[in-house]
Amino acid sequence: MAEAKYIINNSEITAVDNATVEWVDDTFFYIFFLGQKYHGEILAANLEENTLTIKINQRTFEVKRKGALDDLIKKMGLDQKKVKKMHQLESPMPGRVISFAVEVGQEVEVGAPLLTLEAMKMENVIKADGVGTVKGLAVNNGDVVDKGQVIIEFE
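Rules used throughout
- Residues numbered from 1 in each chain as written.
- Predicted model: local features only at pLDDT ≥ 70, side-chain atom pairs only at ≥ 80, totals over all residues.
- Heavy atoms only, no water.
- Core = buried A, V, L, I, M, F, W, Y, C linked by side-chain atoms within 4.5 Å.
- Buried < 20%, exposed > 50% of the residue type's maximum accessible area, 1.4 Å probe, protein only.
- Helix = DSSP H or I, 4+ residues; strand = E, 2+ residues; numbered from the N terminus.
- Contact = heavy atoms within 4.5 Å.
- Pairing = 2+ DSSP bridges.
- Patch = residues over 30% accessible without salt bridge, like charges linked within 9 Å, V, L, I, M, F, W, Y side chains within 5 Å.
- Areas by Shrake-Rupley, 256 points an atom, 1.4 Å probe, with all protein chains shown as cover.
- Salt bridge = Lys/Arg side-chain N within 4 Å of Asp/Glu carboxyl O.
- Phe/Tyr/Trp six-rings, centres within 6.5 Å; stacked < 30°, edge-to-face > 60°.
- Lys NZ or Arg CZ within 6 Å of the ring centre and 35° of its normal.

This paragraph deals with the nonpolar core. The biggest cluster of nonpolar side chains holds 17 residues, and the ones touching the most others in it are Val-108, Leu-114, Leu-115, Ile-152 and Phe-154. Those elements that provide at least two residues to this core are strand E9 (95–100), strand E11 (113–119) and strand E15 (150–154). Ignoring any residue separated from it by four or fewer positions in sequence, one finds Val-108 in contact with Met-86, Val-102, Leu-114, Ala-128, Gly-130, Val-131, Gly-132, Val-134 and Phe-154.

Put into structure tokens, the structure is as follows:
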């Protein structure tokens, strides 16, 4: 029989043979290991991703059962998060451009501040929702923009 592998708090381990689990009900359990008794509780379960959040003796752990499919997905590189490539930034609301936090040729990452837009007497920092390189600024500081108007172009 193949060894069971788990990922606990982002560290891979192999299942321990000399540990036993005794269930009290569908949430609470005891673990017996090397003569010690540990109290456990399932806090959350995500069956689609094979993950559990458990508490053992007041410590919380994220547990994921690892299988052959997980190894294949990682080997193929399909476990990498997809990042949106930006082409242009449109104004999310009508307002006045107070200042730009980027300049032409600058590369931006997700969450990077792009500009400050004043709308209804409030300053809103508009951040990147993808990655890209600034190709051009379509408006200037102080310009009034309408909702949906292109403000920054990316390449």
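The next subject is the sheet that holds E9. Strand order in the open sheet made by the 4 strands is E12-E11-E9-E14, with antiparallel pairing throughout. The sheet is open, and its two borders are formed by strand E12 (122–127) and strand E14 (144–145), each paired with just one other strand. Sheet topology places E9 next to E11; 4 bridges connect them, and they run antiparallel. Paired with Ser-99 across the strands is Thr-116, a residue of E11.

Before going further, it helps to examine a nonpolar patch on the surface. A cluster of nonpolar side chains, Leu-69, Leu-72, Ile-73, Met-76 and Leu-78, forms an exposed patch at the surface whose accessible area comes to about 500 Å². For Met-76, the position within the fold is in helix H1 (residues 68–76).

What follows covers the pairing of strand E7 (residues 59–66). Pairing between strand E6 (residues 51–56) and E7: 6 bridges, direction antiparallel. The residue of E7 that forms the bridge with Thr-53 is Glu-62. Counted between consecutive antiparallel strands, the loop separating E6 from E7 contains 2 residues, among which Asn-57 sits at a positive phi close to 45°.

Taken as a whole, this structure holds 2 aromatic pairs when the rule is applied. Taken together, a centroid distance of 5.0 Å and an interplanar angle of 55° make the contact between Trp-23 and Phe-29 tilted. Ring plane angle 50° and centroid distance 6.4 Å describe the contact between Tyr-30 and Phe-32, whose orientation is recorded as tilted. Given the relative accessible area of 29%, Phe-32 is considered partly exposed. Here the guanidinium or amino end of Lys-37 rests over the ring plane of Tyr-30, the centre of that ring lying 4.1 Å away.

What follows is about the pattern of salt bridges. One pass over the structure, following the stated rule, counts 1 salt bridge. Note that Asp-129 and Lys-84 form a salt bridge whose closest N and O atoms lie 3.0 Å from each other. Placement of Asp-129 in the loop between E12 and strand E13 (132–137) and of Lys-84 in the loop between H1 and strand E8 (88–90) is noted, with a sequence separation of 45 residues between them. When its relative accessible area of 47% is taken as the criterion, Lys-84 is described as partly exposed.

Functional significance is not addressed by these values, which are geometric in nature.
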